[in-house]
Amino acid sequence: MNETPVHYFVIFGAAVKPDGQPSGTLLRRVEGEWQLPWQHNASRNIVTGGQGKHGPAEALVMKRLLLDMGTDESRILVEDQAQDTLQSVMYCSDILKQQQSHAREVIVCSSSYHNYRCQMLFRIWGIPCQRGKMPSDRAALGTAKWLYYHFREAVAIPWDFMHVCLLRLLRSR
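The structure displayed is predicted, hence computed values, not measured ones.

**Considering the sheet that holds strand 4 (residues 104-109)**
Move 1: If you walk across this open sheet you meet the five strands as 3-2-1-4-5, and the pairing is parallel. Since the sheet does not close on itself, it has two edges, and those belong to strand 3 (76-79) and strand 5 (129-131), each with one partner. The sheet shows a mean angle of 25° between the axes of neighbouring strands, direction not considered.
Move 2: Here four bridges tie strand 2 (residues 43-48) to strand 3, and the two strands are oriented parallel to one another. Across the sheet, the residue bridging to Ile-46 is Leu-77, located in strand 3.
Move 3: Helix 1 (residues 24-34) rests against strand 1 (6-12), strand 2 and strand 4 of the sheet, and its axis sits at about 165° to strand 1.
Move 4: This element, helix 3 (residues 85-98), spans strand 1, strand 2, strand 3 and strand 4 of the sheet and lies at about 135° to strand 3.

Have a look at this one:
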């Protein structure tokens, strides 16, 4: 039996403003995902991110944005507990493994500086995926903040790599 391939677009959270509105980064991630050429009827969105300093949860804000853009609610899966990138990958991996479609493609949708780490973590966790081409945050963040985020990723990549490898080792025992 041939199944139509299902594309899962995993959109990673970012800050929510005190008034419950999305930060610029969060909005750019959702809008960037919306503009990807792979969007079609067989796709699903997984929005991930718990509540940070301000509520509601990042995933719920992204769900609202997707609904406002015209996404059918049945195509949106919500993971609203994760407090960091690694938790997002772990929780979304569980969601993906529960889905019935065995023919799927996972597309990571985050800021361009963050996409590599998200993809790396999914792959280590056993979920093949690719990075969606997302818009740059450089103009909106300014060069100094943009460079800071790149530096932060350079530090987080080996840290998360070791962390997830240790977690996988412990889970296999």
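**Here we look at the packing of helix 1 against helix 2 (residues 58-69)**
Move 1: Taken N-terminus to C-terminus, the directions of helix 1 and helix 2 make an angle of 45°; their axes are 10 Å apart at the nearest point. Taken together, the axis directions place helix 1 and helix 2 in an arrangement best described as oblique. You can see that helix 1 and helix 2 cross each other, and the crossing is right-handed. Within the contact between the two elements, helix 1 uses Leu-26, Leu-27, Val-30, Glu-31, Glu-33 and Trp-34 and helix 2 uses Glu-58, Val-61, Met-62, Leu-65, Leu-66 and Met-69.
Move 2: In the contact of helix 1 with helix 2, the residues fall into nine nonpolar, no polar and three charged.

The rules behind the values
- Residues numbered from 1 in each chain as written.
- Predicted model: local features only at pLDDT ≥ 70, side-chain atom pairs only at ≥ 80, totals over all residues.
- Heavy atoms only, no water.
- Pairing = 2+ DSSP bridges.
- Helix = DSSP H or I, 4+ residues; strand = E, 2+ residues; numbered from the N terminus.
- Axes fitted to C-alpha atoms, helices over the stretch in contact; angles between N-to-C directions.
- Contact = heavy atoms within 4.5 Å.
- Parallel < 35°, antiparallel > 145°, perpendicular 65-115°, else oblique.
- Left-handed = near helix turned anticlockwise from the far one by under 90°.
- Nonpolar A, V, L, I, M, F, W, Y, C, P; charged D, E, K, R; others polar.

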